[in-house]
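Structure assessment
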Amino acid sequence: MKLLVINGPNLNLLGIREPDIYGRQDYQALTALVKETCARFGIGVDLFQSNHEGAIVDRIQAALGQEDAIVINPAAYTHTSIAILDALKAVGLPAVEVHLSDVKSREPFRQISYAGMACEKTIIGKGFQGYVEAIEYLATQYGDGQSQP
Ligand code: DQA
């Protein structure tokens, strides 16, 4: 099984960007945790980060035949992008939405998630641990789910 983990705009600035909301660890630390977690479940992973909506749409489309499931934090595009929603629906791969912060307790404009409408699960407000839970969920549902010793 192979996962695609997508991070949207400004997540490349983790650690610098509003650390009281998004934490003090950087994007590299997130990618290391994602790789380590996937290795623990014996699954492959491709990571992608972009600040551009169309690039994210292109990468979701490219997942067809390449990866088996998607973990996505579309960042600000969560709340605006029907194109990302449509791309997720078009490829039809199982997807989990992750947000580092608790978007439900934030501004009104963060209350809608378009991408989430194509995801079977949403994990919010757990920081980096949210990615670990998303990987665990997909590995269990669609891989053999066996954590390696
Ligand atoms: C975010 C929440 C979004 O509202 C915001 O625009 C982000 C990050 C999160 O991970 O908490 O960039 O997706």
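Before reading further, recall that the structure is shown in the block above.
Here the residue numbering is sequential within each chain, running from 1 through the sequence in written order. In view of the model being predicted, local features appear only for residues whose pLDDT reaches at least 70, and side-chain atom pairs are presented and counted only at 80 or more, with totals across whole chains, interfaces and linings using the full set of residues. Only hydrogens and water are set aside when side-chain values are computed; all heavy atoms of the structure are taken into account.

**A look at the site of the ligand**
Working definition: residue near molecule or strand if any one of its non-hydrogen atoms lies within 4 Å of it. The environment of the ligand is made up of Arg-17, Tyr-22, Asn-73, Ala-75, Ala-76, His-79, His-99, Leu-100, Ser-101, Val-103 and Arg-110. In the environment of the ligand, an oxygen atom lies 2.8 Å from a nitrogen or oxygen atom belonging to the side chain of Arg-17. Its free accessible area being 320 Å², the ligand has 99% of it covered by the protein chains. N or O atoms within 3.5 Å of each other form a polar contact, as long as, within protein, one can give a hydrogen and the other can take it, and as long as residues adjacent in sequence are counted only when both atoms are side-chain atoms. Note on areas: these come from Shrake-Rupley sampling with a 1.4 Å probe, and a residue is covered only by the protein chains present in the view.

**What about the packing of helix H3 (residues 53-62) against helix H4 (residues 82-91)?**
Packed helices, taken two at a time, are described by the angle their axes make and the gap between the axes. At a closest axis distance of 9 Å, the pairing of H3 and H4 adopts a crossing angle of 5°. Taken together, the axes of H3 and H4 are roughly parallel relative to one another. Packed against H3, whose contacting residues are Glu-53, Ile-56, Val-57, Ile-60 and Gln-61, the element H4 presents Ala-83, Ile-84, Ala-87, Leu-88 and Val-91 at the interface. Residues belonging to the contact of H3 with H4 are distributed by class as follows: eight nonpolar, one polar and one charged. In this analysis an axis means a line fitted to C-alpha atoms, helices contributing only their contacting stretch, and an angle means the value between N-to-C directions, from 0 to 180 degrees. What counts as a helix is a DSSP run of H or I of at least four residues, what counts as a strand is a run of E of at least two, and both are numbered from the N terminus. With respect to orientation, any angle under 35 degrees is reported as roughly parallel, any angle over 145 as roughly antiparallel, any angle of 65 to 115 as roughly perpendicular, and every other angle as oblique. Note on definitions: a residue-residue contact is assigned when non-hydrogen atoms from the two residues lie within 4.5 Å. Amino acids are sorted into nonpolar (Ala, Val, Leu, Ile, Met, Phe, Trp, Tyr, Cys and Pro), charged (Asp, Glu, Lys and Arg) and polar (every other residue, Gly among them).

**Considering the sheet that holds strand S5 (residues 121-124)**
Only strands that DSSP links by at least two bridges are regarded as paired with each other. Ordered by their spatial adjacency, five strands build an open sheet running S2-S1-S3-S4-S5, and the pairing between neighbours is parallel. Two strands lie at the open edges of the sheet, namely strand S2 (44-49) and S5, each paired on one side alone. Going from strand to strand, the sheet's axes swing by 15° on average, the running direction of each strand aside. Examined bridge by bridge, strand S1 (residues 2-7) and S2 share six bridges and lie parallel to one another. Counterpart to Asn-7 in the pairing with S2 is Gln-49. Where helix H2 (residues 27-40) meets the sheet, its contacts fall on S1 and S2, and the angle it forms with S2 comes to roughly 160°. With respect to the sheet, helix H5 (residues 129-142) is in contact with S1, strand S3 (69-73), strand S4 (95-99) and S5, its orientation differing from that of S3 by roughly 160°.

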